[in-house]
Amino acid sequence: MEFAPIVLFVYNRPDLTLNTLEYLSRNEEAKESTLYVYCDGAKAGASPEQLQLIKQVREIVHSRQWCGKVVILEAEKNKGLATAVIDGVTEVIGKHGKIIVLEDDLTVSPFFLKFMNDALTKYAQEEKLLAVHGYLYPFKVPADYTASTFLVHDPGSLGWGTWSRAWKKFEPDTHKVIELIKLKGLKRAFDFWGAYPFFRMLHQHKNGKVSSWAIRWRATAYLHDMLTLYPVKSLVRHDGNVAAATHHYKEEDWLYTEIYQAPVPVGNIPVENNLPMEKVFAKFLRANAGMTIPAKIKNRLKQYWKKITGHA
């Protein structure tokens, strides 16, 4: 098997970067894989403390031979995660035809690379497949579902892989994406039937209020009716729920999940959307992402309390 190259995006979090690299290197396939590490540059006016953190991250990246071959690319200026991911994935997938993508706040199972490479090989020519994902929300898979994998539209962004044939469908123009979703009547499904405001995030991105490559990648799945393969046990844990996080920090980390410490086989399942499992995704998000009416009221009250008292 020709192993897919791994791309890791890092910036200014040395402890998390070290953790990601340590666990990645424990995969048996790591010694035969190529690892590309994209180190983002400092923002204009960065403090001495920030510059030191960026330096520490780069020292960690250079400190060991984490995979069979390591290619380190250090940006002079700050790109931001969204631009860095789009540019990096486009560059590497153009050379290799397939890719595995990680960010600096992910801990992976020792069997993560096996699952990803097995799936990327098995579904390489399956036009219905958009991606492979290693992370699974911490919900209980229905007891009557006995296969080791399933397929849904949601491509995820926490430890994933894809092929050049799929990445070519990625549309960076958010205005065009919004119009196509409306034209095709996909808004309700795109929002997991009201479970999470993904469509609103597209508008926020268009208006410069958020920066996200993942929301546009999600749109790719729905606009082309393409699916992502998931394991029924999570092979990735998200460890980025820290106060310094740019894109994700919650007082209660509902994304946290235990890592499965055994191989997940990539067997034969129907190449079709598993709608019941999508409904499980929706139920989990509605219950945990603050989208229920009680959760919204609680959040508003907390914001009001913080405003009038000056305390969180």
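Computed from a prediction, not measured in an experiment: that's the story for all the values here.

Residues T174, V177, I178 and I181 constitute the buried set of helix 6 (residues 174-183). Buried positions in helix 6, seen along its axis, are confined to an arc of 100° and lie on one side of it. For helix 6, the elements touching its buried residues are helix 7 (187-190), helix 8 (198-206) and helix 9 (214-223). Sitting at the head of helix 6, D173 places a side-chain oxygen 3.1 Å from the backbone nitrogen of H175. Positive phi appears at G185, one or two residues downstream of helix 6, with a value of about 65°.

With their axes 10 Å apart at the nearest point, helix 8 and helix 9 run at an angle of 125° to one another. In this view, helix 8 runs oblique relative to helix 9, as classed from their interaxial angle. Both helix 8 and helix 9 take part in a crossing whose hand is left-handed. For the pair formed by helix 8 and helix 9, the contact residues are F198, M201, L202 and H205 on the first element and I215, R216 and R218 on the second. When its residues are assigned to classes, the contact of helix 8 with helix 9 shows four nonpolar, one polar and two charged.

About the cut-offs
- Residues numbered from 1 in each chain as written.
- Predicted model: local features only at pLDDT ≥ 70, side-chain atom pairs only at ≥ 80, totals over all residues.
- Heavy atoms only, no water.
- Buried < 20%, exposed > 50% of the residue type's maximum accessible area, 1.4 Å probe, protein only.
- Helix = DSSP H or I, 4+ residues; strand = E, 2+ residues; numbered from the N terminus.
- Arc of directions from axis to C-beta.
- Contact = heavy atoms within 4.5 Å.
- Polar contact = N/O pair within 3.5 Å; in protein donor to acceptor, adjacent residues only side chain to side chain.
- Axes fitted to C-alpha atoms, helices over the stretch in contact; angles between N-to-C directions.
- Parallel < 35°, antiparallel > 145°, perpendicular 65-115°, else oblique.
- Left-handed = near helix turned anticlockwise from the far one by under 90°.
- Nonpolar A, V, L, I, M, F, W, Y, C, P; charged D, E, K, R; others polar.

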